[in-house]
Amino acid sequence: RSREVVMVENVQEVEDWLPHPLLPDTRSEMAVPIIREGKVIGVLDVQADTIAGLDDGDAKVLRILAGHIAVAISNARLFDKTQKRLREQIILRETTDILSSTLDIETILLHLTKQLCTAIDATSAYINEIDEKQGVYTVIAEYISPNACDEEKVSDLGESYPMSSEPLGGNS
């Protein structure tokens, strides 16, 4: 919220100060905003066990550290985004490879459901074929990851269900 350092020399004199249960001996506290590209993205919070235990010199050091922390957070977020994009690109390439390497529909659909789970970190994926005349949909491909719960690990492959129980509400 504020872009300013907040220093409290004696936290016991502040009515709305919230003590940390793991730091019962805190007597003074300093909060330094972590700012990146003009936006406050966090707070570096430091406690001391003595009244007036933090001073302007500490604030100067903490501002510098907060700047470094802001860069580190930004870099970590950028790295995560880059890793996600890389995973997506790998999945797309692998999918293209499988689509161009076989005409076997079962192999293709199994690969697509597996890639879907990997891409969005899901535990299972299904491809259903709709038969409007019969009013049912049939599971024609599935992938169940090792992380799936026990209920998910029961195969639905080849099972048909009434359209009223279709995952998206039926009537499509």
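(A) Spotlight on the layout of surface pockets. In this structure, the second largest pocket spans a volume of roughly 150 Å³. Contributing to the lining of the second largest pocket are Trp17, Leu18, His20, Leu23, Thr26, Glu29, Asp45 and Gln47.

(B) Fine view of the pairing of strand E3 (residues 39–48). Two strands pair when backbone bridges link them, and strand E2 (residues 28–36) and E3 are joined in this way by 9 bridges, in the antiparallel orientation. Bridge pairing links valine 32 to leucine 44 in E3. The turn linking E2 back onto E3 is made up of 2 residues, and glutamate 37 within it adopts a positive phi angle of 55 degrees.

(C) Representation of the pattern of salt bridges. Per the stated rule, a full pass over the model turns up 2 salt bridges. The closest approach of N and O atoms between arginine 85 and glutamate 88, which form a salt bridge, is 3.2 Å. Placement of the pair is arginine 85 and glutamate 88 together in helix H1 (residues 56–101), with a separation of 3 residues, close to one helical turn. Classification of arginine 85 as partly exposed rests on a relative accessible area of 47%. The partly exposed category is assigned to glutamate 88, whose relative accessible area is 26%. Arginine 93 is the partner of aspartate 97 in a salt bridge, and the nearest nitrogen-oxygen pair spans 3.0 Å. One end of the pair is aspartate 97 and the other is arginine 93, both in helix H1 and 4 residues apart, which spans about a single turn. On the accessibility criterion, arginine 93 (47% relative accessible area) is partly exposed.

(D) Layout of the nonpolar core. Met30, Val32, Ile34, Leu44, Ala48, Leu54, Ala59, Leu62, Ala66 and Ala70 together form the largest nonpolar core, which totals 10 residues. Looking at this core, the elements with two or more residues in it are E2, E3 and H1. Here the element with the most residues in this core is H1; it accounts for 4 residues. Dropping the residues within four chain positions of it, alanine 66 is found in contact with Val32, Pro33, Ile34 and Leu44.

(E) Representation of H1 in the model. Taking 1.5 Å of rise per residue, the 46 residues of H1 would be expected to cover 68 Å, and the 67 Å separating its terminal C-alpha atoms lies within 8% of that figure. Every buried residue belonging to H1 is among Ala59, Leu62, Ala66, Ala70, Ile91, Thr95 and Ile98, and all of these are buried. The residue sitting at the N-terminus of H1 and contributing the capping side-chain oxygen is aspartate 55; that oxygen lies 3.0 Å from the backbone nitrogen of glycine 57.

(F) Here's a closer look at the environment of glycine 38. Along the chain, glycine 38 turns up in the loop between E2 and E3. Residue class for glycine 38 comes out partly exposed when judged on its relative accessible area of 42%. In the structure, glycine 38 is positioned 20 residues away from aspartate 58 in sequence and 22 Å away in space, judged by C-alpha atoms.

Rules of the game
- Residues numbered from 1 in each chain as written.
- Predicted model: local features only at pLDDT ≥ 70, side-chain atom pairs only at ≥ 80, totals over all residues.
- Heavy atoms only, no water.
- 1 Å grid on protein atoms, 1.4 Å probe; cavity = no way out; pocket = protein on both sides within 12 Å on 5 of 7 lines; lining within 4 Å.
- Points joined across faces, edges and corners; volume = space filled by probe spheres on them.
- Pairing = 2+ DSSP bridges.
- Helix = DSSP H or I, 4+ residues; strand = E, 2+ residues; numbered from the N terminus.
- Salt bridge = Lys/Arg side-chain N within 4 Å of Asp/Glu carboxyl O.
- Buried < 20%, exposed > 50% of the residue type's maximum accessible area, 1.4 Å probe, protein only.
- Core = buried A, V, L, I, M, F, W, Y, C linked by side-chain atoms within 4.5 Å.
- Contact = heavy atoms within 4.5 Å.
- Expected span 1.5 Å × (residues − 1).
- Polar contact = N/O pair within 3.5 Å; in protein donor to acceptor, adjacent residues only side chain to side chain.

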